[in-house]
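Here's the letter readout for the chains.
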Amino acid sequence: MGDDAELTAAVLAAQAGDETAFRTVYRAVHPRLLGYVRTLVGDPDVEDVTSEAWLQIARDLNRFDGDADRFRGWAARIARNRALDHIRMRGRRPATVGDETELTGRAADSDTAGEAMESLATDSTLSLIARLPQDQAEAVVLRVVVGLDAKTAAETLGKRPGAVRTAAHRGLKRLAELLGEDPEATGALDALPPQREPHGHAITSAGVTHMRSRTQKDM
């Protein structure tokens, strides 16, 4: 987990006031965080909400204590709270509730946001995730895109790890079914990075197409 060691070191340096280290943290975490917020508020507001989250992250960074995994979870909780605040303020429902709407998948103007779309999820992947029920969409994005293990994802969502595993399992299974229904979306899940597991095991997104043969414990 060389990347995790680098992120942990960068977080510590940023807490000590190193601006270059903070930029390193931002570049490492922002694309994944952007993808998560996008599933909650939709494309038009994703940049504003994510920016608000980063303002709080920067303000409260000295209060954080932990390694790279804990930082990703902490940042995701902040982003989720800002997204929910935004939804309440606008009187809007999350874009991923049921099958009522899909995300447009339009890449934002910033380079970082564009890189997020290219390296973490294609437009078709985001559209597929947007068609999942909200609990499944959040579980999939937190576990696969943000890279949280089930325990940290559960803390972010205020749920039990088993519930998050179940939601992620069902969400990935449904995504595989959607891929089967839409030939043009074939390969969309390959854009997603592997899931993190506490002991260093990873479940690759390519395995989603064989989800029926997997057990819930694999999640």
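Structure's up top.
Everything numeric here is computed off the predicted structure, so don't read it as measured data.

Draft legend 1. Inspection of the packing of aromatic side chains at higher detail. Applying the stated criterion to the full structure yields 5 aromatic pairs. Here the aromatic rings of phenylalanine 71 and tryptophan 74 are separated by 5.7 Å at their centres, their planes lie at 45°, and the arrangement is tilted. Of this pair, phenylalanine 71 and tryptophan 74 both sit in helix H4 (residues 68-90), separated by 3 residues, roughly a single helical turn. Each member of the pair, phenylalanine 71 as well as tryptophan 74, carries the same accessibility label: buried.

Draft legend 2. Here's a closer look at the nonpolar core. One finds Val25, Tyr36, Val41, Ile57, Phe71, Leu142 and Leu175 to be the most contacted residues of the largest nonpolar core, which totals 52 residues. Looking at this core, the elements with two or more residues in it are helix H1 (2-15), helix H2 (19-41), helix H3 (46-60), H4, helix H6 (123-130), helix H7 (134-146), helix H8 (150-157) and helix H9 (161-181).

Draft legend 3. Quick peek at the packing of H7 against H8. Taken N-terminus to C-terminus, the directions of H7 and H8 make an angle of 135°; their axes are 10 Å apart at the nearest point. One way to sum up the angle between H7 and H8 is to call them oblique. Here H7 runs over H8; the crossing is right-handed. Between H7 and H8, the residues in contact are Glu138, Leu142 and Arg143 and Ala150, Ala153, Thr156 and Leu157, respectively. Class assignment of the residues belonging to the contact of H7 with H8 gives a composition of 4 nonpolar, 1 polar and 2 charged.

Draft legend 4. Fine view of the pattern of salt bridges. Using the criterion set out here, one finds 9 salt bridges in the structure. With a shortest N-O distance of 3.7 Å, aspartate 60 and arginine 63 are connected by a salt bridge. For aspartate 60, a relative accessible area of 10% corresponds to the buried category. Between glutamate 138 and arginine 80 there is a salt bridge; the shortest N-O distance is 2.8 Å. Residue glutamate 138 is located in helix H7, and its partner arginine 80 is located in helix H4; the two are separated by 58 residues in the primary sequence. Taken as a pair, glutamate 138 and arginine 80 share a single burial class, namely buried.

Reading the values: rules and limits
Residues numbered from 1 in each chain as written. Predicted model: local features only at pLDDT ≥ 70, side-chain atom pairs only at ≥ 80, totals over all residues. Heavy atoms only, no water. Phe/Tyr/Trp six-rings, centres within 6.5 Å; stacked < 30°, edge-to-face > 60°. Helix = DSSP H or I, 4+ residues; strand = E, 2+ residues; numbered from the N terminus. Buried < 20%, exposed > 50% of the residue type's maximum accessible area, 1.4 Å probe, protein only. Core = buried A, V, L, I, M, F, W, Y, C linked by side-chain atoms within 4.5 Å. Axes fitted to C-alpha atoms, helices over the stretch in contact; angles between N-to-C directions. Parallel < 35°, antiparallel > 145°, perpendicular 65-115°, else oblique. Left-handed = near helix turned anticlockwise from the far one by under 90°. Contact = heavy atoms within 4.5 Å. Nonpolar A, V, L, I, M, F, W, Y, C, P; charged D, E, K, R; others polar. Salt bridge = Lys/Arg side-chain N within 4 Å of Asp/Glu carboxyl O.

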